[in-house]
Amino acid sequence: MNKKTIRDVDVKGKKCLVRVDFNVPMKDGVITDENRINGALPTIKYLMDNGAKVVLCSHMGKPHNVFNEVISLNKKEKKAVEALPENEREAKKAEFLEKAKKDVKKFTLKPVADRLNELLDGKVTFATDTVGQDAQAKVNALKDGEVVLLENLRFDKGEEGKDLEFCKKLASFCEVYVNDAFGTAHRSHASTAAIVEYGLVDTAVCGFLIEKELTVMADSLENPVRPFVAILGGAKVADKLNVIANLLEKCDSLIIGGGMAYTFLKAQGYEVGASLVDMDKIEYCNDMIKKAKDLGKKLYLPIDTVVTSAFPDPIDAEIEVEVVDSSNIPADKMGLDIGSKTVELFKNVIKEGKTIIWNGPMGVFENPILAKGTIAVAKSLAETDATTIIGGGDSAAAVNTLGFGDKMSHISTGGGASLEFLEGKDLPGVSCLLDK
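Residues numbered from 1 in each chain as written. Predicted model: local features only at pLDDT ≥ 70, side-chain atom pairs only at ≥ 80, totals over all residues. Heavy atoms only, no water.

A. Quick look at the overall build of the protein. The number of helices and strands found in the protein is 18 helices and 19 strands. Summarising its shape, the C-alpha atoms of the protein cover approximately 65 × 65 × 35 Å along the three principal directions. The buried share of the protein, reckoned over its 436 residues, is 52%. Within the protein, counting contacts between residues at least 6 apart in sequence, those at least 24 apart form 75% of the total. About 19900 Å² of surface is accessible on the protein, with carbon and sulfur atoms providing 48% of the total. Averaging the positions of the 57 positive and the 66 negative side-chain charges in the protein gives two centres separated by 2 Å. (Helix = DSSP H or I, 4+ residues; strand = E, 2+ residues; numbered from the N terminus. Buried < 20%, exposed > 50% of the residue type's maximum accessible area, 1.4 Å probe, protein only. Contact = heavy atoms within 4.5 Å. Areas by Shrake-Rupley, 256 points an atom, 1.4 Å probe, with all protein chains shown as cover. Lys, Arg positive; Asp, Glu negative; His and termini not counted. Charge placed at Lys NZ, Arg CZ, Asp CG, Glu CD.)

See the structure below:
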């Protein structure tokens, strides 16, 4: 890990703009999972204890989608509204406006600020805007060891658009920039990289969360204790083209499950029925099978498959399934999980591993009937004494949902960022930070 951290700079009395990931799940304004908040606490507490003036910023959801939805609704019904009598017309317009305000309100970070205030002894205030008058006033009023959380960054189009003026206003809130949001480190947005890329901040370092991500994942990829086993799942080969190629260079064994396995099986000439197949990736799969052989790496695919006649609708619906050999899936059936023979095969490979990285479920784990393969892999990882790294996204959700989270060496906080890291890509939110 060659990036400077908050330990490497003097923060006392300085305004520290900290990009965190508080994009937490909420229902009716109540936070349902505090993992991301808890993950940021060590960095926040360190800065507070060392006399920094802490300015926290984060996104929450995709409020612009709601704006677009309301705008399109207005356009779609514009003629009908304009045809109404004037008093009714204004009432209808007001109704649309209220709907927009109500829908967008669910993306406020106020509940996060309230919870943070409870966790940090009442030293947190909340700015009702991002870079406006309220934010400026509350940042200017900060004393050493105090914290302000800015309102949702994505309420301003300048965040995702990397608008220079928006970046300048954000940068005015800091003498030290700290990125501790690994989950957004693969994006070059205003708060994740652009304020540094534009040369608006001289001192840019990472917090403890990103430090841990880089240390654990980089060490496991570059200096793994062998045998090194990589497990990839998920729906499409196309999502993980570069990950497969990169991991084959580094691992000893590669296990492939999930929907992406059927393209590999098809490439081998097997009948896969109505299973998900990336037809334009057949040649790529053959290339990867050959690459594994040429490099002396072991590539494992499902030998049996749980099939059903149609994708469950809703996704957790009760369905009838059967188990068939992966080499001969019936034409009217689709594979949606690995079978029991495959579970035993994969478990035996996992038992031999000393470093194991897993990204992507083995099947449609949201359905209890189709979750057995994913559960079995999670359980195998929980029982091994190997270094086990879960690469964020659906894998992390599955492991935590199934209750195996505390048995893993490391669960990445970034889905897309973890994937790009496994591909060997530079992450803008990391590249912009100072080297040691």
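B. Up close: the pattern of salt bridges. This structure, assessed with the given rule, holds 23 salt bridges. In this structure, Lys53 and Asp144 form a salt bridge, with 2.8 Å as the shortest nitrogen-oxygen distance. In this pair, Lys53 sits in strand β4 (residues 53–57) while Asp144 sits in the loop between α6 (133–140) and β6 (147–149), placing the two residues 91 residues apart along the sequence. The class of Lys53 is buried, set by a relative accessible area of 18%. Take Asp144: its relative accessible area is 40%, and that puts it in the partly exposed class. Of the charged contacts in the structure, one is a salt bridge between Lys290 and Asp294, with a shortest N-O distance of 2.8 Å. Residue Lys290 and its partner Asp294 are located together in helix α13 (residues 282–295), separated by 4 residues, close to a single helical turn. A residue is classified by how much of its surface remains accessible, and Asp294, at 54% relative accessible area, is exposed. When salt bridges with common partners are traced through the structure, they connect Glu34, Arg115 and Glu118 into a single cluster. (Salt bridge = Lys/Arg side-chain N within 4 Å of Asp/Glu carboxyl O.)

C. Just the sheet that holds strand β12 (residues 298–300), in detail. Read across the sheet, 6 strands follow the order β12-β10-β9-β17-β18-β19 without closing on themselves; strand pairing throughout is parallel. Edge positions in the open sheet fall to β12 and β19 (410–411), since each of these has one partner strand only. Two elements, strand β18 (residues 387–390) and β19, share 2 bridges in a ladder whose sense is parallel. Bridge pairing in β19 places Ile390 opposite Ile411. (Pairing = 2+ DSSP bridges.)

D. Looking closely at the sheet that holds strand β13 (residues 304–308). Read from one edge of the open sheet, 3 strands run β14-β13-β16, paired in antiparallel fashion. Edge strands, defined here as strands with exactly one partner in the open sheet, are β14 (322–325) and β16 (334–338). Each adjacent strand pair in this sheet contributes to an overall mean axis angle of 50°, direction not counted. Pairing of β13 with β14 involves 4 bridges; the strand directions are antiparallel. Residue pairing across strands places Val306 opposite Val323, the latter belonging to β14. The strands touched by helix α14 (residues 340–352) are β13, β14 and β16; relative to β16, the strand with the most contacts, the crossing angle is about 40°. (Axes fitted to C-alpha atoms, helices over the stretch in contact; angles between N-to-C directions.)

E. Inspection of the packing of aromatic side chains at higher detail. Scanning the model with the defined rule gives 1 aromatic pair in all. Centroid distance Tyr46 to Phe208: 5.4 Å. Interplanar angle 80°. Geometry classified as edge-to-face. Highlighted residues: Tyr46 in helix α1 (residues 35–49) and Phe208 in helix α10 (residues 208–222), separated in sequence by 162 residues. By relative accessible area, Phe208 is classed as buried at 17%. (Phe/Tyr/Trp six-rings, centres within 6.5 Å; stacked < 30°, edge-to-face > 60°.)

F. Structural detail: unusual backbone geometry. Looking along the chain, the bond that leaves Arg226 and enters Pro227 is cis, with omega of 5°. Residue position: Pro227 is located in the loop between α10 and β9 (228–232). Between Asp313 and Pro314 the backbone carries a cis peptide bond, its omega angle lying at 0°. Mapped onto the fold, Pro314 is located in the loop between β13 and β14. Positive phi, normally seen in glycine, also occurs at Asp28, with a value near 55°. Of note, Asp28 is situated in the loop between β2 (26–27) and β3 (30–31). Located in the positive-phi region is Asp121, a residue other than glycine, with phi close to 55°. By secondary structure assignment, the location of Asp121 is in the loop between α5 (110–119) and β5 (124–126).

G. The arrangement of the environment of Ile357 in detail. You can see Ile357 is positioned in strand β17 (residues 355–359). Among the residues examined, Ile357 registers a relative accessible area of 2% and is labelled buried. Placed 128 residues apart in sequence, Ile357 and Val229 show a C-alpha to C-alpha distance of 6.6 Å.

H. Region of the structure containing the packing of α10 against helix α17 (residues 415–423). In contact at an axis separation of 11 Å, α10 and α17 are set at 30° when each is read in the N-to-C sense. Crossing geometry of α10 relative to α17 is assigned as right-handed. Across the interface between the two elements, Leu214, Met217, Ala218 and Leu221 of α10 pack against Ser418, Phe421 and Leu422 of α17. When its residues are assigned to classes, the contact of α10 with α17 shows 6 nonpolar, 1 polar and no charged. (Left-handed = near helix turned anticlockwise from the far one by under 90°. Nonpolar A, V, L, I, M, F, W, Y, C, P; charged D, E, K, R; others polar.)

I. Quick peek at helix α15 (residues 372–383). The terminal C-alpha atoms of α15, which comprises 12 residues, lie 16 Å apart, in line with the 16 Å expected from a rise of 1.5 Å per residue. On its buried face, α15 sits against β9, β16, α14, β17, β18 and α16 (393–401). (Expected span 1.5 Å × (residues − 1).)

J. Here's a closer look at the side chain of Thr384. Turning to its location among the elements, Thr384 is positioned in the loop between α15 and β18. Setting aside chain neighbours within four positions, we find Thr384 in contact with Ile350, Gly353 and Ile356.

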